[in-house]
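Secondary and tertiary structure notes
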Amino acid sequence: MKFETLAIHAGQEADPATGATITPIYQTSTFTQEGIGRHKGFEYSRTGNPTRAALERCLAALEGAEHGCAFSSGMAAIAGVLSMLRPGDHVVSAADLYGGTYRYFEKVAKPNGIAVSYVNARDPENVRRALRAETRLLWIETPTNPLLELVDVAAAARIAKVRGVKTAVDNTFASPYFQRPIGLGADIVVHSTTKYVGGHSDMVGGAVLTSDKAVHEAVRFHQNAAGGVPGPFDAWLALRGLKTLAVRMRRHEENALAVAGRLRKHPRVESVIYPGLPDHPQHDLARRQMSGFGGMVTFRLRGGRAAADAFFRALKVFSYAESLGGVESLACHPATMTHASLPAEERERRGITEGTVRLSVGIEDAEDLLADLDWALKVSA
Ligand code: P1T
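Below is a short write-up of the structure. (Residues numbered from 1 in each chain as written. Predicted model: local features only at pLDDT ≥ 70, side-chain atom pairs only at ≥ 80, totals over all residues. Heavy atoms only, no water.)

What to know about the state of the cysteines
- Counting across every chain of the model gives zero disulfides.
- With no disulfide of its own, Cys 58 lies closest to Cys 69 among cysteine sulfurs, the gap being 15 Å.
- According to the relative accessible area criterion, Cys 58 is buried, its value standing at 0%. (Disulfide = S-S within 2.5 Å. Buried < 20%, exposed > 50% of the residue type's maximum accessible area, 1.4 Å probe, protein only.)

Here's what the structure looks like:
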């Protein structure tokens, strides 16, 4: 079955108890059992819940994975993957990544004895050079948050595989509609389902998808043992979000292309980063590896922090807010929001300047979005 069909049907047979066509929200913590060891596959909702199970099956199908584990947030999903590692193990991570992931590596993984090296993974040879005998995991975001850099998943995963290293890809920005890392050779896919999967900025969640049985068993064990599971209602919201993912992503992309095109002509804009622009340094890779360019646009505004602040305050349709991937347009200041957990010099080194603005382009009318940006650029001059 094709993506659009799977998004609506995978893991969502008519409810066995009632025939309900739409997977019910099984808002229950426990399940009455018939006798010792006799139950209908569910015992306690931390361990398993039918609404969550439907979400896990649907997400796995969309990523071309055999197994899925849903979590209470993207960070809980990331912690689930990292739980496979032991003191002395080593992670090679692409340098440009979500600030919260960097914080987890630095403040949680490292104090627990896991070494992490950051490399410029735009050149996969840097991944090869960073691998050590004790490397267990290669961590990639592509496109990255917030600079929309790409990593060649097939090339990086090939290098890792030869050395017995698992490759994990945070696929939050592309969504499974535009990119399926497992088909490119990755072992593990991670999502913050808070973003495009949920799609309406009304829930927080995460997921780990894999076809590697041992990885799945380790992540499933952690999910139950540590307990960072989504409640049934949040799982249901993510499941409902998936049904419209394909149509939303096409519209996000259409609007993002219009926004990127308008911004690059604007005299107050220093540079625009969008993988769909032919002058994006990795545009060819984007065309090869993704089936679309997504809805995120990052640009650098002339005038630094003061100009950025005035710009954010003038916006009327875009909300000045963290997060991304909802139907509504959002504008964020990575230096003080999503990437505030990076030391200032690290941010500067990566190019996350005070004038850097990240847009999550929503699915509103494109003309309204362009008019809002034109207005905010004008009055913040
Ligand atoms: O917020 P949470 O659901 O825990 O997901 C964390 C996360 C993981 N990976 C990527 C690529 C992310 O962008 C995020 C969360 N990001 C934001 C909140 C943001 O505004 O960028």
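Still more to cover.
Some thoughts on the packing of helix 11 (residues 245-264) against helix 15 (residues 366-379)
- The N-to-C vectors of helix 11 and helix 15 enclose an angle of 35 degrees; their axes lie 10 Å apart at closest approach. Every pair of crossing elements has a handedness; the one defined by helix 11 and helix 15 is right-handed. Together, Arg 251, Asn 255, Ala 258, Val 259, Arg 262 and Leu 263 of helix 11 and Ala 366, Leu 369, Leu 370, Leu 373, Asp 374 and Leu 377 of helix 15 make up the contact between the two elements.
- When grouped by side-chain class, the residues that make up the contact of helix 11 with helix 15 number eight nonpolar, one polar and three charged. (Axes fitted to C-alpha atoms, helices over the stretch in contact; angles between N-to-C directions. Helix = DSSP H or I, 4+ residues; strand = E, 2+ residues; numbered from the N terminus. Left-handed = near helix turned anticlockwise from the far one by under 90°. Contact = heavy atoms within 4.5 Å. Nonpolar A, V, L, I, M, F, W, Y, C, P; charged D, E, K, R; others polar.)

Some words on the sheet that holds strand 3 (residues 115-119)
- Strand order in the open sheet formed by seven strands is 1-7-6-5-4-2-3, with mixed pairing between adjacent strands. If you trace the sheet from one side to the other, it starts and ends with strand 1 (67-71) and strand 3, each paired once. Averaged over all neighbouring strand pairs, the angle between strand axes comes to 20 degrees, with direction disregarded.
- Where strand 2 (residues 90-94) lies against strand 3, five bridges are found, and the strand directions are parallel. (Pairing = 2+ DSSP bridges.)

A closer look at the packing of aromatic side chains
- Using the criterion set out here, one finds 10 aromatic pairs in the structure.
- Here Phe 105 and Trp 139 contribute two aromatic rings whose centre-to-centre distance is 5.8 Å and whose plane-to-plane angle is 90 degrees, an arrangement assigned as edge-to-face. A residue pair is termed long-range when its members are at least 10 positions apart, and Phe 105 in helix 4 (residues 99-109) and Trp 139 in strand 4 (residues 135-141) qualify at 34 residues.
- Owing to a relative accessible area of 0%, Phe 105 belongs among the buried residues under this scheme.
- The buried category is assigned to Trp 139, whose relative accessible area is 0%.
- These aromatic residues form a ring-pair network of at least three members: Phe 299, Phe 311, Phe 312 and Tyr 320.
- In this arrangement the basic side chain of Arg 350 is found over the ring face of Tyr 102, its NZ or CZ atom lying 5.0 Å from the centre. (Phe/Tyr/Trp six-rings, centres within 6.5 Å; stacked < 30°, edge-to-face > 60°. Lys NZ or Arg CZ within 6 Å of the ring centre and 35° of its normal.)

Side note on the environment of Met 296
- Residue placement: Met 296 occurs in strand 9 (residues 296-301).
- For Met 296, a relative accessible area of 2% puts it in the buried group.
- Taking the C-alpha atoms as reference points, Met 296 and Leu 370, separated by 74 residues in sequence, lie 15 Å from one another.
- Once residues within four sequence positions are removed from consideration, Met 296 is found in contact with Leu 148, Phe 173, Tyr 196, Tyr 274, Leu 324, Arg 358, Leu 359 and Ser 360.

Details of helix 2 (residues 50-62)
- For helix 2, built from 13 residues, the straight-helix expectation of 18 Å at 1.5 Å per residue is met to within 8% by its first-to-last C-alpha distance of 18 Å.
- Within helix 2, 11 of the 13 residues are buried, which leaves the element mostly enclosed by the surrounding structure.
- Here helix 2 has its buried residues at Pro 50, Thr 51, Arg 52, Ala 53, Ala 54, Leu 55, Glu 56, Cys 58, Leu 59, Ala 60 and Leu 62.
- Where helix 2 is buried, its residues contact helix 1 (3-9), strand 1, helix 7 (175-178), strand 7 (206-210), helix 9 (213-226) and helix 10 (232-243).
- After helix 2 finishes, the residue Gly 64 shows a positive phi value of roughly 65 degrees. (Expected span 1.5 Å × (residues − 1).)

Re helix 15
- An ideal rise of 1.5 Å per residue puts 20 Å on 14 residues; helix 15 measures up with 20 Å between its terminal C-alpha atoms.
- Turning to helix 15, its buried residues are Leu 369, Leu 370, Asp 372, Leu 373, Ala 376 and Leu 377. Seen end-on, helix 15 carries its buried residues on one side only, within an arc spanning 160 degrees. The exposed set on the far side of helix 15, more than 90 degrees from its buried face, consists of Glu 367 and Lys 378.
- Lining the buried residues of helix 15 we find helix 11, strand 8 (269-273), strand 9, helix 13 (304-314) and strand 12 (356-360).
- In this structure Asp 365 caps helix 15, since a side-chain oxygen of it lies 2.9 Å from the backbone nitrogen of Glu 367. (Arc of directions from axis to C-beta. Polar contact = N/O pair within 3.5 Å; in protein donor to acceptor, adjacent residues only side chain to side chain.)

Examining the site of the ligand
- Around the ligand sit 19 residues in total, of which Asp 170, Thr 194, Lys 195, Ser 323 and Arg 358 are the nearest.
- Contact distances for the ligand include 2.9 Å between an oxygen atom and a backbone N or O atom of Met 75.
- Within the side chain of Lys 195, an N or O atom sits 3.0 Å from a nitrogen atom of the ligand.
- For the shell around the ligand, the leading source of residues is helix 3 (residues 74-82), giving three residues.
- Of the residues contributing to the shell around the ligand, the split by class is five nonpolar, nine polar and five charged. (Near = heavy atom within 4 Å.)

Details of the nonpolar core
- The biggest cluster of nonpolar side chains holds 96 residues, and the ones touching the most others in it are Leu 82, Trp 139, Phe 299, Phe 311 and Leu 359.
- Looking at this core, the element that brings in the most residues is helix 11, giving seven residues.
- When residues are assigned to domains, this core turns out to be shared by domain 1 (10-243) and domain 2 (246-379), each giving three or more.
- Ignoring any residue separated from it by four or fewer positions in sequence, one finds Phe 299 in contact with Leu 263, Val 269, Ser 271, Val 272, Phe 311, Gly 355, Thr 356, Val 357, Leu 359 and Leu 377. (Core = buried A, V, L, I, M, F, W, Y, C linked by side-chain atoms within 4.5 Å. Domains from an automatic or database assignment.)

Take it as geometry only, folks, not as evidence of what the structure does.
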